[in-house]
Amino acid sequence: MTPTAVEQMTTLTVQLRILDAGMPAPSYAQPGDAGADLRSTIDLTLAPGERRLVPTGVAVALPFGTVGLIHPRSGLAAKQGLTIVNAPGTIDAGYRGEILVCLLNTDRDKVIELRRGDRIAQLVIQRIEIAAFQVVGELTESVRGAGGFGSTGGFATV
C-alpha cells in the first residue's frame, strides 16, 4: 500500500499551554495545511488604520532549531483588509509567553469587528539554521551584487 501525502509528512511535537480554558488549541483546517489557526480570546473593534495586540490564549515551547511564524489569514486580508503589522511575526524557540498578534485594519473606511473565538492568524512552524557570522573585508561576488528594491525589474514603468 502506498502511503498518502499526509502520512509521509513528518510530525514535530510542540508543547502547548492553554492559557484561556475556553479556547481550543490551534488547529489545521485541512490535512497538509502549513498554518494552524490562532483565535482571538476577546471581542474587539478595529477602526480604519487602527492596530492592536490581540491575545490568543495559548503559549508554546518550540524546540531549539525551529521558529514560529505568525502569518495573516488570506481571506481576512482580501475581504476585510485585516493584516498583521510585523508579518510574519516571529516566535523564538526560547519564548514561553502568550502568543499575541498585532492586527492592523488597512481598510480606509470600514470598521472590522472580531469576536472571541474568531480565527485571526496562522502559526507556521519551520526549522531554521543558526548562523555563525564571519566578519570579512569583502563579500564574495554574485551576479546581482548590491542591487535591490526593484533592481531586477518585473514591473511596468510609469
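Where an unreviewed UniProt entry is consulted, the protein chain appears under the name Deoxyuridine 5'-triphosphate nucleotidohydrolase, with the organism given as Arthrobacter terrae. For the protein chain, the Sequence similarities (unreviewed entry) comment in UniProt is given as "Belongs to the dUTPase family." UniProt's Catalytic activity (unreviewed entry) comment on the protein chain is quoted here verbatim: "dUTP + H2O = dUMP + diphosphate + H(+)".

1. A look at the side chain of threonine 56
Its place among the elements puts threonine 56 in the loop between β4 (51–55) and β5 (58–61). Residues in contact with threonine 56, not counting those within four places in the same chain, are Met23, Leu38, Arg39, Thr41, Glu98, Ile99, Val101 and Ile120.

2. Looking at the UniProt feature "binding site: substrate" (unreviewed entry) in the protein chain
As recorded in UniProt, the feature "binding site: substrate" (unreviewed entry) lies at Arg73, Ser74, Gly75, Asn86, Thr90, Ile91 and Asp92. For the residues just named, distributed over 20 residues, the greatest C-alpha separation reaches 26.4 Å, placing them at more than one site. Along the chain, glycine 75 falls in helix α2 (residues 74–80). Following the sequence through the fold, isoleucine 91 ends up in strand β8 (residues 89–91).

3. So, the UniProt feature "domain: dUTPase-like" (unreviewed entry) in the protein chain
Here, UniProt's "domain: dUTPase-like" (unreviewed entry) annotation points to residues 24–153. Annotation note: span residues 24–153, helix share 5%, strand share 36%, distance between end C-alpha atoms 45 Å.

4. Examining the sheet that holds β4
Paired through their backbone hydrogen bonds, the strands of a sheet run either parallel or antiparallel. Ordered by their spatial adjacency, 3 strands build an open sheet running β4-β9-β7, and the pairing between neighbours is antiparallel. Looking along the sheet, the strands with just one partner apiece sit at the ends: β4 and β7 (82–84). Put simply, the sheet's adjacent strands are angled 40° from each other on average, direction ignored.

5. Things to note about the environment of leucine 104
Relative to the assigned elements, leucine 104 resides in strand β9 (residues 100–105). For leucine 104, the residues in contact, after removing those within four places along its chain, are Gly49, Glu50, Arg51, Gly81, Leu82, Thr83 and Val85.

6. Some words on the pattern of salt bridges
If you walk through the whole model with that rule in mind, you get 4 salt bridges. The salt bridge partner of arginine 116 is aspartate 20, with a shortest N-O separation of 2.8 Å. In this pair, arginine 116 sits in the loop between β10 (112–114) and β11 (119–127) while aspartate 20 sits in the loop between β1 (15–18) and β2 (36–39), placing the two residues 96 residues apart along the sequence. Ionic pairing is found between glutamate 113 and arginine 115, a salt bridge with its closest N-O pair at 3.2 Å. Residue glutamate 113 is classed as partly exposed on the basis of its relative accessible area of 41%. Salt bridges sharing common partners tie together Asp37, Arg73 and Arg119.

7. A closer look at the sheet that holds strand β6 (residues 66–72)
Taken in spatial order, the 4 strands make up an open sheet running β2-β11-β6-β8, and their pairing is antiparallel. The open sheet has two edge strands, β2 and β8, and neither has a second partner. On average, adjacent strands in this sheet sit at an angle of 35° to one another, irrespective of strand direction. One ladder, built from 7 bridges, connects β6 with β11; its direction is antiparallel. By the bridge assignment for β11, histidine 71 is matched with glutamine 122.

What counts as what
- As a convention, each chain's residues are numbered from 1 in the sequence order in which they are written.
- Thresholds applied to this predicted model are a pLDDT of at least 70 for local features of residues and 80 or more for the giving and counting of side-chain atom pairs; totals over whole chains, interfaces and linings are not thresholded and use all residues.
- Processing note: side-chain calculations cover all non-hydrogen atoms of the structure and skip hydrogens and water entirely.
- UniProt positions are given in the numbering used here, feature names are shortened, and annotations may be inferred rather than shown by experiment.
- Comment: elements are numbered from the N terminus, with helices defined as DSSP H or I runs of at least four residues and strands as E runs of at least two.
- The contact definition used throughout considers only heavy atoms, calling two residues in contact when any of these lie within 4.5 Å.
- When DSSP finds at least two bridges between two strands, those strands are taken to pair.
- Note on method: axes are straight lines fitted to C-alpha atoms, helices fitted across the in-contact stretch only, with angles between N-to-C directions ranging 0 to 180 degrees.
- Here, a salt bridge means any Lys or Arg side-chain nitrogen found within 4 Å of an Asp or Glu carboxyl oxygen.
- Any residue under 20% of the maximum accessible area for its type is buried, any over 50% is exposed, and the rest in between are partly exposed; the area is computed with a 1.4 Å probe on protein chains only.

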